[in-house]
Amino acid sequence: MLKVEHLTKIYEGGTLALDDVSFEVPDGQFLSIIGLSGSGKSTLLRCINRLIEPTEGRIIWNGVDVTKASQEEMRRIRRRIGMVFQHFNLVHRSKVLTNVLQGSLGYVNPALSIINRFPRDQVRKAHQQLSRVGLEEKAAQRADELSGGQQQRVGVARALMQDPEMILADEPVASLDPVLAHSIMQYLELINKEDEVTVLCSLHFLDLVHRYADKAIALNEGKLVFEGPPSEIDDDKFKEIYGQEAERVG
Amino acid sequence: MPLEPKRGLRRTVLFILAMVFGVIVYAYGFDVTDVNLDEIKSETRQTQLVRVLRSLARPDLLTYERVDTATNVTFAMPCPSGGFVPDEPDPDARHITVDPACVEPGGKITVRGTNFSANARGTLYQVPPTSDLELRLDVFQTGENGDFEIVVNTRERGGDQPQFIRAVTRENIGTILNRVEVSQDDNENGVQDPIEMPADGRYTFTVPQALPTTPGLALVDPGRDVAQFITTGDPFQAVNGPAQGDTALPLGEDLGTELRILEVVGGATSGQITLEGDPGTVMSDWRVAIYDSTIGEVATTVIVTDSIVNSPRISKSTTDTWDRIIETVFLAFLATTLGTLVAVPLSFMAARNLMRDISVPMTKLALQLIALPIGVGAGIMAAGWARTISEQLTDSTLLVILGLVVIPILMWFAFRWALPPVEEEPPTPAERGIRAVVIAIASVGGIVVLFLLSSLLVTVGDWLAPRLAAFDFIGSFVASIGDILNAIITLMTALATAGVLMNLAGRLGMWMKGHLPSGFIKVFRIPLAATAGALLAILIGMGIGSLYQITDPLKVYYVPGAVGAAIGLALALRAYQKEQVGIGLSVYYIARTVFNAIRSIEPLVMVIVFVVWVGIGPFAGSLALALHTIAALAKLYSEQVESILPGPIEAVKASGATRIQTIVYAVIPQIVPPYISFTLYRWDINVRMSTIIGFAGGGGIGFLLQQNIRLLNYQAASVNMLAIAIVVASMDYLSSRIRERIV
């Protein structure tokens, strides 16, 4: 159970990115976050694993206040939260396998890992995750030799490597074409249904929201403007979320 | 669009003003830089310039022995009544003709030379009748075909007898393709050079004929006295020669004088005799009479100084340049590798994107600052214990090797147990305590291993050096590594212990923050911060005190202590509002400042300090270059770190990685190509820099170049410059090829 209570983020310079946002995500839910660019979706996701320090408010995950955790505790929390990024964020010059193994860094011995030694079972597990996303034969290639869709699948494998209880996906398909977008979303859906992993996914396209999400929340200028099942987003709600001049494209 | 005239006018005026300003700037520049075209036009300057340029254009790569060749023609002054007919020259041989064949004293003549060497230079003399006097008339230069023609005024030294006009050319003996054996005459005085005993006290020369089977050798000094009379066979009496009547003794029984025969080696067509003596002993005019011991008669006599050299041969400038250029290349190599090794970790400290987010709670920072000096002290103590333990073992090489095998195995098991590869749950405090003790003991073991290793390296190196002959430098290198290791173990231990203690202090700080009431922490951290500040300030005070020789405890301890405590107190009070202290940015600014300060000092200046420390030579040069390389590369590297993609860092951080893991997995893979590229670029710079670092005493080719320039030996300097050009160009080419290949 993830509880976000009165979360507010003000960046240095005074930009109000999140304004008193509160919502709850039960375990195993597929929640999608929608809103215009700059509405605070990325900030919200990054506040949950504290890649961005929230200014005010609390985030309670499995009964632990994430905002109060020390660095060491935060490391232990983060290793249970997988993250998938819009620009994949792979290390281009490293091998695909190494990129996947990065997901295990929170678990392995730090001293050994800095000289690139991973326990055998972790390496085996990395291969399994790669085969799960259908990229087993690419393990020894450099990450930048892969296509965009393949890179995002590596990103998913890296998140799976963490044995996550929750996955934060920050516009995972915004850089991909519609066909690839569905294939990535299907992987996330599979993880959500089979492994019962909670998924928080920010999305641009409403058809994807309708197709995959159990529930949706919408942000506009940092404020929560909608919370409910995707089917409730009608034309009025749409205008409320995206502004009066917006038109539905899909 | 129509042009706006107003604006155009303004622009024109501004342009003219800018031009005028530019002219004024240039005029002032000419004035202060002493631009003086009169100097350039002056004739003496020009001849000097031409002379220097000509010297530079003739690098002293090869040494030629030279020979003077005189060509004469008969000539009359004044003209005899019946006219004068000179000797008919051989038209195919080298000859000169004079036109007219006779003149009144002081008259003008035209001298033509034919069949001389091409482009040879020579001097024309007039040799008056019945005298050896050579009156210099002029110099000449032959053309491509070996001819010359010159008009000269004769001297008023006539006579009834015919006299000569003489052309003397000084020519090199031999060519590169056709080398000629000649006697050595470096000072070109026409006589063989005196030979001195070389620095190693041994001189071997060749007897150009077979020696008798058991020769007797009489070493004869310049006064024709026998200094030593020995034989390789049975004693015999000389019947003739310098040692007539003396008895030859076996080699080793007659020790001779300042020069003695050490060894005789016979051969089918030649023999070799080795002489021994003090370095610098002049061996001119010493001879060896070689006796046939069976009949007691002299077989042959050889002059010791009869040294035969080839012409042309590699000049001394060239061999010296070769030695120095090798030194130069390796100087640059050492400086670059050493500098890179240090600069890589330092560059992370000067990268804003890595340091920006590092901030620690006040309590933790204060505890860590207190732990720093304690850790250094504890480290020095631990290193002391380890040294004592290792000294028990270093007497026996066997024990050392045994220790080097057994202790690492024990350490491996200890670390393996104490640091499990995967940790699902945090260990209990009791477990943690036992692990810490085990790791501490294992670490002392590690220091012992390092001491043993250093002692083993020294032993091995000293053993190897005399056995590797030409490769003895490998032995000395191994021994030096051992010495260096021994010297830095204590430092490394001190730093490592300080690091560990600071880490523990940090954990304690975090624990206190989590487990003690926040009111208590807020009060507790005030004295803590004051103590830490005072401690740090006293350490700085002690450093400054030792630099400026201040011994007054008030100035060294109390005042800095009070200031530091005040700063700590202020920070702690301020931390009421702001919990975290942005230590990362402080480190970033300090690192940047230090790098910029060091970088702004040229290595040529730095080397002056290093020369004082380690003496004149390439070592000082490589240290100065290495220091500059560290500062320059750390800055360039850090800018590369700042320009990497932030995405991977975010991704790795999000997976729960530590800061070091983040650097290893998200930062380092991204910076490898630019780092290699900058290192190679720096290698280029260091090669160029090392060629002149010798000007300030830093060794390498620059030392030689400066010496040659000061001695006005431009031909030798030209060899040095040629070598520099070749090395810099080839290194440039090499590094660009490597860069293409890797990056």
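Quick caveat: nothing in here was measured; it's all calculated off a predicted structure. (Residues numbered from 1 in each chain as written. Chains lettered and ligands numbered in written order. Predicted model: local features only at pLDDT ≥ 70, side-chain atom pairs only at ≥ 80, totals over all residues. Heavy atoms only, no water.)

Draft legend 1. Focus on the overall build of chain A. Along chain A, the regular secondary structure elements total 9 helices and 10 strands. Scaling as 2.2 N^0.38, a compact globule of 250 residues should have a C-alpha radius of gyration of about 18 Å, and chain A matches this with 18 Å. Viewed in the frame of its principal axes, chain A has a C-alpha envelope of about 55 × 40 × 35 Å. Across the 250 residues of chain A, 56% fall into the buried class. In chain A, the share of contacts with a sequence separation of at least 24, taken over all contacts with a separation of at least 6, comes to 67%. Working note: accessible area of chain A is about 10,800 Å², and carbon and sulfur atoms make up 47% of it. In chain A, 30 positive and 36 negative side-chain charges are present, and the distance between their average locations comes to 9 Å. (Helix = DSSP H or I, 4+ residues; strand = E, 2+ residues; numbered from the N terminus. Rg over C-alpha atoms; globule rule 2.2 N^0.38 Å. Buried < 20%, exposed > 50% of the residue type's maximum accessible area, 1.4 Å probe, protein only. Contact = heavy atoms within 4.5 Å. Areas by Shrake-Rupley, 256 points an atom, 1.4 Å probe, with all protein chains shown as cover. Lys, Arg positive; Asp, Glu negative; His and termini not counted. Charge placed at Lys NZ, Arg CZ, Asp CG, Glu CD.)

Draft legend 2. Seen up close, the overall build of chain B. For chain B, the helix and strand inventory stands at 18 helices and 22 strands. Computed over its C-alpha atoms, the radius of gyration of chain B comes to 41 Å, more than 25% above the 27 Å expected for a compact globule of 743 residues. For the C-alpha atoms alone, the extent of chain B along its principal axes is close to 135 × 105 × 55 Å. Looking at the 743 residues of chain B, the share that counts as buried comes to 38%. When contacts within chain B are restricted to residue pairs at least 6 apart in sequence, those whose partners lie at least 24 apart make up 71%. Total accessible area on chain B is roughly 41,800 Å²; 64% of this is exposed by carbon and sulfur atoms. Seen as two clouds, the 53 positive and the 67 negative side-chain charges of chain B have centres 21 Å apart.

Draft legend 3. The interface of chain B and chain A, seen in detail. Contact residues are listed per partner, giving 31 residues for chain B and 36 residues for chain A. Here chain B meets chain A over a buried area of about 2,700 Å², counting both sides, of which 56% is carbon and sulfur. Where chain B meets chain A, there are 1 salt bridge. The salt bridge involving glutamate 650 of chain B is made with arginine 46 of chain A; its shortest N-O contact spans 2.2 Å. Our count for the contact surface shared by chain B and chain A stands at 10 residue pairs in polar contact (both at pLDDT 80 or more). Put simply, the parts of the chain that give the side of chain B that touches chain A at least two residues each are α15 (646-654) and α16 (659-690) of chain B. (Buried area = accessible area lost by both parts, 1.4 Å probe. Salt bridge = Lys/Arg side-chain N within 4 Å of Asp/Glu carboxyl O. Polar contact = N/O pair within 3.5 Å; in protein donor to acceptor, adjacent residues only side chain to side chain.)

Draft legend 4. Fine view of the packing of aromatic side chains. All names here are of chain B. For the structure shown, the criterion picks out 14 aromatic pairs over all chains. For the ring pair phenylalanine 229 and phenylalanine 236, a centre distance of 5.7 Å and an interplane angle of 70° mean the geometry is edge-to-face. The pair formed by phenylalanine 229 and phenylalanine 236 is uniform in burial state, with each residue classed as buried. These aromatic residues form a ring-pair network of at least three members: Phe116, Phe140 and Phe148. (Phe/Tyr/Trp six-rings, centres within 6.5 Å; stacked < 30°, edge-to-face > 60°.)

Draft legend 5. Broad picture of a nonpolar patch on the surface. Residues and elements named next belong to chain B. On the surface, Leu399, Ile401, Leu402, Val405, Val406, Ile409, Leu410, Trp412 and Phe413 cluster together into a nonpolar patch covering about 870 Å² of accessible area. Counting through the fold element by element, valine 405 comes out in helix α7 (residues 397-418). Residue valine 405 is classed as partly exposed on the basis of its relative accessible area of 45%. (Patch = residues over 30% accessible without salt bridge, like charges linked within 9 Å, V, L, I, M, F, W, Y side chains within 5 Å.)

Draft legend 6. Region of interest: unusual backbone geometry. Here the amide bond leading from methionine 77 of chain B into proline 78 of chain B is cis, since omega sits at -5°, within 30 degrees of zero. For proline 78 of chain B, the location among the structural elements is in the loop between β2 (66-75) and β3 (95-99). Of the consecutive residues aspartate 99 of chain B and proline 100 of chain B, the connecting peptide bond is found in the cis state with omega at -5°. As for its position among the elements, proline 100 of chain B is in the loop between β3 and β4 (108-114). Within the chain, asparagine 116 of chain A stands out as a residue other than glycine whose phi angle is a positive 65°. Within the element layout of this structure, asparagine 116 of chain A appears in the loop between α4 (110-113) and α5 (120-132). Using a relative accessible area of 47% as the deciding quantity, one classes asparagine 116 of chain A as partly exposed. Positive phi, normally seen in glycine, also occurs at glutamate 171 of chain A, with a value near 45°.

Draft legend 7. Main features of the sheet that holds strand β12 (residues 226-231) of chain B. All names here are of chain B. Spatially, β13-β14-β12-β11-β17-β18 is the arrangement adopted by the 6 strands of the open sheet, whose pairing is mixed. Strands at the two margins of the open sheet, each flanked by one partner only, are β13 (236-237) and β18 (297-303). Relative to strand β14 (residues 247-250), β12 is paired through 2 bridges, and the arrangement is parallel. Each bridged residue has a counterpart across the sheet, and for threonine 231 the counterpart in β14 is proline 250. (Pairing = 2+ DSSP bridges.)

Draft legend 8. Representation of the environment of arginine 525 of chain B in the model. Residues and elements named next belong to chain B. Along the polypeptide, arginine 525 turns up in helix α10 (residues 518-547). For arginine 525, a relative accessible area of 1% corresponds to the buried category. C-alpha of arginine 525 to C-alpha of glycine 143: the two residues are 382 residues apart in sequence and 94 Å apart in space.

Draft legend 9. Highlighting the pairing of β18 of chain B. Residue and element names in this part refer to chain B. As defined by bridge partners, strand β17 (residues 287-292) adjoins β18 across 6 bridges and the pair is classed as antiparallel. From the neighbouring strand, aspartate 292 faces β18, where its bridge partner is glutamate 297. The antiparallel pairing of β17 with β18 creates a hairpin that spans 4 residues between the two strands, and glycine 296 there sits at a positive phi of about 75°.

Draft legend 10. A look at helix α4 (residues 316-349) of chain B. With 34 residues, α4 of chain B extends 50 Å between its outermost C-alpha atoms, agreeing within 8% with the 50 Å of an ideal straight helix rising 1.5 Å per residue. The sharpest bend along α4 of chain B reaches about 35° and sits at alanine 343 of chain B, with the proline proline 345 of chain B one to four residues further on. (Expected span 1.5 Å × (residues − 1). Bend = angle between axes of the 7 residues up to and from the residue.)

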